[in-house]
Amino acid sequence: MEKKTETFKAEIAEMLNLVVNSLYSKKEIFLRELVSNASDAIDRAKFLALTDSSIAAENPEWAVKIAFDKENKTLTISDNGIGMNLEELENNLGTIARSGTKKFREMLKEKGGADLPELIGQFGVGFYSAFMVANKVRVETMKRGTDQAFAWESDLSGVYVLSDGSRDFPGTSITLYLNDDQLEYLDVYRLKDLISKYSDFITYPVTIHNQNPPKDEKSEDREKRLEDEAKAVNTMVALWKRPKSEVKDSEYEEFYRHLAHDWEGPFETIPFSGEGQVEFKALLFLPKRADMNLYMPGQKHGLSLYVRNVFISDDVDMLLPSWLRFVKGVVDSSDLPLNVSREMLQDDAIIRKIKSAVTSKLLNVFEDIRKKDPARYAEFYAKFGMVMKEGVYSDYANSERIKKLLLFATARGEDSRKVSFADYVAAMPASQKDIYYAVGRNENDARKLPQLEAALSRGIDVLLFCDPIDEYIADSLGEFEGHKFVDVGSGNVSFGTEEEVKAEKEAGEKQAELLKPLIDSLKNTLKERVADVRISTRLKDSPCCLVAAEGAMSPSMVRMMRAMQQDVPEQKRVLELNASHRLVEKLGKLTGEELEKSATLLYDTALIAEGSLVSDPARFAKLVTELMLGNA
Ligand code: ADP
């Protein structure tokens, strides 16, 4: 091919600029990133060898080689993995084809580059970290199954050059032309240290070579050197195969970083093995933070699968139910055949058994953390509670266990204290039968909903459902230990003992009788907007509130359905009046236009009180102005 000079896409140029100028104290992590990429590339080639007999016949000695050249100030990381063709070279190293890089850019905008170094890697910009120590990077590569070699080179001038390459066997070599202040990486001991520190668990041998030894090297020195260079500097034992007691926390941590592309260590490390029906080893991690992709379709959401030490895939979502998609890790099974395909995994009894064992183990871990250290559990829950809630309706087999792990703020509780359903039930007054919840946009607003007044005045607490998904799962919650879930903002609710409810009902009927003229004229005036007007049992201090009619959808449900492009007809609600409020008494005396205006205002203030928008703000403003003038 002819030499082709291409301009980096703006995003990459911007990112490179930041990478280079980052004052990251740990520039050394570039080696971890490049060795990690090399190992991934070999994983893929090895997997291909399972079905491609020509690779199998060649039987390559899979290896990662690091070569330093003191004279030319270069460091080269080579692998004999999958390699890249021209298109991949361009897509992977020159454009923002990968969503990780796109996300990275968005994050940069948000954070203004403040935490930049930590973000490297997290978003799969690992390769570019080479530019933290080098002013020029050259990639030589040949894709397995082809015989064409290509090269990619960039010196940070905003462009990269593609040309024919000189490799004569498949794989990739990445040569870094080191900056003058980064020559420490041309030292065998420094390199060895870095490999032990960051890449010891890589399952292929990593060897270090002096590419340009002194011309006058003595023959015995040369022999000794070559002997040393043939030895792997990493121990190569898969971490999940080693007994937990023999693995250092820092080793788990580095492995997690490699696996999850995370800059932080894990929140929890969970090594375990399945015995009995299926035999497997697993090493699972709970991250400290939610990935930005957690709610995006089509993102990697699964565990890495190995079959007898051979890497099969890094995204086997059949190994986890989708509500556990934030969990990272590896499963290594000796019961599966090596030639498994995705289609086979889909419907495999062994995979199903592993999935069930992994899920159960994770539930145990969550329950354990919650029991032993509630504060730590709350920290974890704040990050992943939302996605765990999906399990209530999507993982039928485990929904009872998942329910017990959920936490909610309550109307009476302090801001940060969240309770489980069990905590709530334990604190209920003896007369309370049902579990009450209120739906709001956020906890602060929900606490002030007029719909809560009567419950709170009776010493009944109310759970606050403020995640968009809460209302969605409310229907699936059914019962908890025999207690029904009841929305305080919909249908008819009554608090208190049977006698109290009865007395309340009778009083309400009497009041309704007395207020019949008002109720009728309000119904008439507001007939376009409300399904009914009635006396409330849930108000104490507020004059009125709006509640969902029995069987109707609540406003937040309507909002959510509409956001999902569903056609939802207007849901008329019920206006409830507080019969003992002075305003209601006063309204009873109004007629004609005055009553009509007050009815509109009453309805609009009920909307505002619950955080909804009024349909005609201009008219609302005009009426309020008139009212203020009238009172002046
Ligand atoms: P990530 O590894 O997180 O995807 P990188 O920026 O490190 O991000 O690498 C970008 C892509 O370039 C990789 O996804 C991979 O497809 C390709 N790549 C990088 N290094 C190698 C390599 N040594 N061999 C083959 N492909 C590689």
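That block above? That's the structure.
Cut-off values and rules
- Residues numbered from 1 in each chain as written.
- Predicted model: local features only at pLDDT ≥ 70, side-chain atom pairs only at ≥ 80, totals over all residues.
- Heavy atoms only, no water.
- Helix = DSSP H or I, 4+ residues; strand = E, 2+ residues; numbered from the N terminus.
- Phe/Tyr/Trp six-rings, centres within 6.5 Å; stacked < 30°, edge-to-face > 60°.
- Buried < 20%, exposed > 50% of the residue type's maximum accessible area, 1.4 Å probe, protein only.
- Core = buried A, V, L, I, M, F, W, Y, C linked by side-chain atoms within 4.5 Å.
- Contact = heavy atoms within 4.5 Å.
- Pairing = 2+ DSSP bridges.
- Salt bridge = Lys/Arg side-chain N within 4 Å of Asp/Glu carboxyl O.
- Axes fitted to C-alpha atoms, helices over the stretch in contact; angles between N-to-C directions.
- Polar contact = N/O pair within 3.5 Å; in protein donor to acceptor, adjacent residues only side chain to side chain.
- Patch = residues over 30% accessible without salt bridge, like charges linked within 9 Å, V, L, I, M, F, W, Y side chains within 5 Å.
- Areas by Shrake-Rupley, 256 points an atom, 1.4 Å probe, with all protein chains shown as cover.
- Lys, Arg positive; Asp, Glu negative; His and termini not counted.
- Charge placed at Lys NZ, Arg CZ, Asp CG, Glu CD.
- Expected span 1.5 Å × (residues − 1).
- Bend = angle between axes of the 7 residues up to and from the residue.

A. Region of interest: the environment of C545. By the element assignment, C545 lies in strand β21 (residues 544-548). Spatially, the C-alpha atom of C545 lies 8.0 Å from that of A609, the residues being 64 residues apart in sequence.

B. The arrangement of the packing of aromatic side chains in detail. According to the stated counting rule, one finds 24 aromatic pairs in the structure shown. Relative to Y185, the ring of F30 has its centre 5.0 Å away and its plane inclined at 80 degrees; by these criteria the two rings are edge-to-face. Of this pair, F30 sits in helix α2 (residues 29-49) while Y185 is found in the loop between β7 (171-178) and α7 (188-198), placing the two residues 155 residues apart along the sequence. Taken individually, F30 and Y185 each receive the classification buried, so the pair is uniform in this respect. Centre to centre, the rings of F380 and F384 are 5.5 Å apart; their planes meet at 45 degrees, and the pair counts as tilted. Residue F380 and its partner F384 are both found in helix α12 (residues 374-394); the two are separated by four residues, about one turn of the helix. Of the two residues, F380 and F384, neither departs from the other in class, the shared state being buried.

C. Representation of the nonpolar core in the model. Grouped together as the largest cluster of nonpolar side chains are 76 residues, with contacts concentrated most on L286, F326, V358, L362 and F366. With eight residues, the top contributor of residues to this core is helix α11 (residues 349-372). Discounting residues that sit within four places of it in the chain, L286 has contacts with P266, F267, E268, I270, F326, V327, L362, F366, I369 and F380.

D. Quick peek at the pairing of strand β8 (residues 206-210). Counting buried residues along β8, five of its five residues qualify, which places the element largely inside the surrounding structure. Residues V206, I208 and N210 of β8 are buried on one face, and the alternating residues T207 and H209, pointing to the opposite face, are buried as well. Across five bridges, strand β2 (residues 64-69) lies against β8 in parallel orientation. When the bridges of β8 are listed, K65 appears paired with T207.

E. Fine view of unusual backbone geometry. Positive phi outside glycine occurs at N59, with the angle close to 45 degrees. Inspection of the secondary structure assignment puts N59 in the loop between α3 (53-58) and β2. Phi is positive for K73, close to 55 degrees, though the residue is something other than glycine. Position of K73 relative to the elements: it lies in the loop between β2 and β3 (74-79).

F. Molecular detail of the pattern of salt bridges. Evaluation of the coordinates by the stated rule reveals 40 salt bridges. Close ionic contact of R242 with E251 constitutes a salt bridge, the shortest N to O distance being 3.1 Å. For the pair formed by R242 and E251, the shared burial category is buried. With a closest N to O distance of 3.6 Å, R257 and E254 form a salt bridge.

G. A look at the sheet that holds strand β20 (residues 530-535). Here we have three strands laid out as an open sheet, ordered β20-β22-β21, and mixed in their pairing. The open sheet has two edge strands, β20 and β21, and neither has a second partner. Averaged over all pairs of adjacent strands, the angle between strand axes in this sheet comes to 25 degrees, irrespective of strand direction. The strands touched by helix α22 (residues 592-609) are β20, β21 and β22 (573-577); relative to β21, the strand with the most contacts, the crossing angle is about 70 degrees.

H. Up close: the side chain of S536. Residue placement: S536 occurs in the loop between β20 and β21. Among the polar contacts made by the side chain of S536, one reaches the main-chain amide nitrogen of R538 at a distance of 3.0 Å. Every residue in contact with S536, bar those within four places of it in the chain, is listed here: E576 and L577.

I. Structural view of the pairing of β7. A large share of β7 lies buried, amounting to seven of its eight residues. Here β3 pairs with β7 via six bridges, running antiparallel. When the bridges of β7 are listed, D79 appears paired with T172.

J. Molecular detail of a negative patch on the surface. Together, E220, D221, E223 and E227 give the surface a local cluster of negative charge. With respect to the secondary-structure elements, E223 resides in helix α8 (residues 219-229). E223 gets classed as exposed once you look at its relative accessible area, which sits at 58%.

K. Examining α12 more closely. With 21 residues, α12 should cover 30 Å at 1.5 Å per step; its first-to-last C-alpha distance of 26 Å lies more than 12% under that length. If you look at α12, its biggest bend is around 65 degrees, right at F384. Every buried residue belonging to α12 is among Y377, F380, Y381, F384, G385, V387, M388, K389, E390, G391 and V392, and all of these are buried. Tucked inside the fold, the buried residues of α12 contact β10 (280-286), α11, α13 (399-405), β14 (408-410) and α17 (468-477).

L. Looking closely at the environment of S598. Along the chain, S598 falls in helix α22. Among the residues examined, S598 registers a relative accessible area of 21% and is labelled partly exposed. Taking the C-alpha atoms as reference points, S598 and L623, separated by 25 residues in sequence, lie 8.5 Å from one another. When residues no more than four places from it in sequence are discounted, the contact partners of S598 are L587 and L590.

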